[in-house]
Amino acid sequence: MTSVLPPFVQAASGSLGAASANALTYPLDLITTRIQATEKGASIRKQIHTYGLSSLYDGIGTDTGATLLSSFLYYYVYSFLRAVVVRGNGKSKAAMLSLPQELAIGYLSGIASRSITTPLNLITVRLQTARVSDDSSAQGGTSRFTAICQQILREEGLRGFWKGFSSNFVLSLNPAVTLYLFQQYRRVMLKGKERDSPPPGHSFVGGALANSIAVIMLYPLLLAKTVVQASRRSNSTNNSSQGPSIRSSLQGIYTAGGFFALYRGLSAQLFKGILRQGTAMMVKQRIEQLVVQAYLRQRALRRVQYKG
């Protein structure tokens, strides 16, 4: 991350980079979610034949909105907290922080962003899995978004929009670890000016590697969260339990398929992550470079006008 830039610039560039990557990889994201949410996976060829190619973009509007908001909040809070810590330590803005400090800042930023965007993420999962779960209330009609919101309110109340949020207390380490590993990649692999402004190729590779490591570390929880958010309560269970929890989902997956079942869909998740995180970092770094270049040109122009 280019820490010398203002929080708003980092937040805007990060959110635009994430949204660009999300649009590029969305069909793969939808396929991954359907694999994770169903024990036998989903026949993608059958879905395309039945519902058409447009079915691979179910929920893209909601997901793009969630991605923009989540990334903007994450990078804004991260850069703000990092600046506060750096000032408190009496260091320069580009100074390296310790591992605990970097992870703590990234973790708090993740919690802050996910606490606000979890409802949109939940609705996206419901939209993505509606076809394979035969959820008629989320198919057809004037507004599938509205239908799913009404369904969640009817089944679980307002609290239901934060279903699976407890997993974020651990999963928020994912962006923190990813960002920390990306920074380490820059410090180890790049030198001089390239370290401050990584070339697009290095931004892509560094972001992809960092995300892959973070995903492998936390994947079972990510899988359980998708299962919980995709679950729907039938009318017959309204007065019983509140649906599966993260722990019960993990236990159920392990009991049904053993240890390797906890990594169901990992290959698709990694491939999606490589494309998404690599593209997001590449676009983000490029936008920040353009902002810096525009600022330098403007300053040079002002100097010429002043001398004239």
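Everything numeric in this text was worked out from a predicted model, so none of it was measured.

> Whenever I open this one, the overall build of the protein chain confuses me. Can you help?
On a plain count of helices and strands, the protein chain comes out with eleven helices and zero strands. Start at the N end of the protein chain and walk to the C end: the helices and strands fall as α-α-α-α-α-α-α-α-α-α-α. Sorting the 308 residues of the protein chain into buried and exposed places 48% on the buried side. In the protein chain, 81% of the contacts between residues at least 6 apart in sequence involve partners at least 24 apart. Carbon and sulfur atoms make up 63% of the accessible area of the protein chain, which amounts to about 15500 Å² in all.

> In this structure, what is going on with the pattern of salt bridges? I would like to understand it.
Two side chains carrying opposite charge are able to pair once their charged atoms lie near each other. For the coordinates displayed, the defined rule picks out eight salt bridges. Taking the shortest distance from any N to any O, the salt bridge between Arg34 and Asp58 comes out at 3.1 Å. A residue pair is termed long-range when its members are at least 10 positions apart, and Arg34 in helix α1 (residues 7–37) and Asp58 in the loop between α2 (44–51) and α3 (60–89) qualify at 24 residues. Take Arg34: its relative accessible area is 0%, and that puts it in the buried class. For Asp58, a relative accessible area of 4% corresponds to the buried category. Note that Lys284 and Glu288 form a salt bridge whose closest N and O atoms lie 2.5 Å from each other. Of this pair, Lys284 and Glu288 are both found in helix α11 (residues 266–307), four residues apart, which corresponds to roughly one turn of the helix. As far as burial versus exposure is concerned, Lys284 and Glu288 are alike and both buried. A network of salt bridges, in which partner residues are shared, links Asp29, Lys272 and Arg276.

> Explain the environment of Tyr263 here, please?
Assignment of secondary structure puts Tyr263 in the loop between α10 (246–257) and α11. Distance from Tyr263 to Leu221, taken between C-alpha atoms, is 9.7 Å for residues 42 residues apart in sequence. Apart from residues no more than four positions distant in its own chain, Tyr263 is found in contact with Ile216, Tyr219, Pro220 and Leu223.

> Can you walk me through the packing of aromatic side chains in this structure?
Geometry of an aromatic ring pair is reported as the spacing of the ring centres plus the angle between the planes. As enumerated under the stated definition, the model contains nine aromatic pairs in all. Taking the centre distance of 6.1 Å and the plane angle of 20° together, the rings of Tyr74 and Tyr78 count as stacked. With Tyr74 and Tyr78 both in helix α3 and four residues apart, the pair spans about one turn of that helix. We classify Tyr74 as buried; its relative accessible area is 7%. Measuring from centroid to centroid gives 5.6 Å for Phe259 and Tyr263, while their planes differ by 50°, and the two rings are tilted. Joined through ring pairs, the aromatic side chains of Tyr219, Phe259, Phe260 and Tyr263 make up one cluster. A cation over an aromatic ring shows up here: Lys284 above the ring of Tyr75, its NZ or CZ 5.0 Å from the ring centre.

> Can you help me understand empty space enclosed by the protein in this one?
To find leftover empty space, a probe the size of one water molecule is rolled over the atoms. Scanning the model with the defined rule gives one cavity of 30 Å³ or more in all. By volume, the largest cavity is sized at about 1100 Å³. Lining the largest cavity are 40 residues, and of these Thr67, Ser70, Arg114, Lys272 and Arg276 sit closest to its centre. Looking at the lining of the largest cavity, the elements that each hand over two or more residues are α1, α3, α4 (99–129), α6 (168–171), α7 (173–189), α9 (200–230) and α11. When grouped by side-chain class, the residues that make up the lining of the largest cavity number twelve nonpolar, 21 polar and seven charged.

Procedures and definitions
- Residues numbered from 1 in each chain as written.
- Predicted model: local features only at pLDDT ≥ 70, side-chain atom pairs only at ≥ 80, totals over all residues.
- Heavy atoms only, no water.
- Helix = DSSP H or I, 4+ residues; strand = E, 2+ residues; numbered from the N terminus.
- Buried < 20%, exposed > 50% of the residue type's maximum accessible area, 1.4 Å probe, protein only.
- Contact = heavy atoms within 4.5 Å.
- Areas by Shrake-Rupley, 256 points an atom, 1.4 Å probe, with all protein chains shown as cover.
- Salt bridge = Lys/Arg side-chain N within 4 Å of Asp/Glu carboxyl O.
- Phe/Tyr/Trp six-rings, centres within 6.5 Å; stacked < 30°, edge-to-face > 60°.
- Lys NZ or Arg CZ within 6 Å of the ring centre and 35° of its normal.
- 1 Å grid on protein atoms, 1.4 Å probe; cavity = no way out; pocket = protein on both sides within 12 Å on 5 of 7 lines; lining within 4 Å.
- Points joined across faces, edges and corners; volume = space filled by probe spheres on them.
- Nonpolar A, V, L, I, M, F, W, Y, C, P; charged D, E, K, R; others polar.

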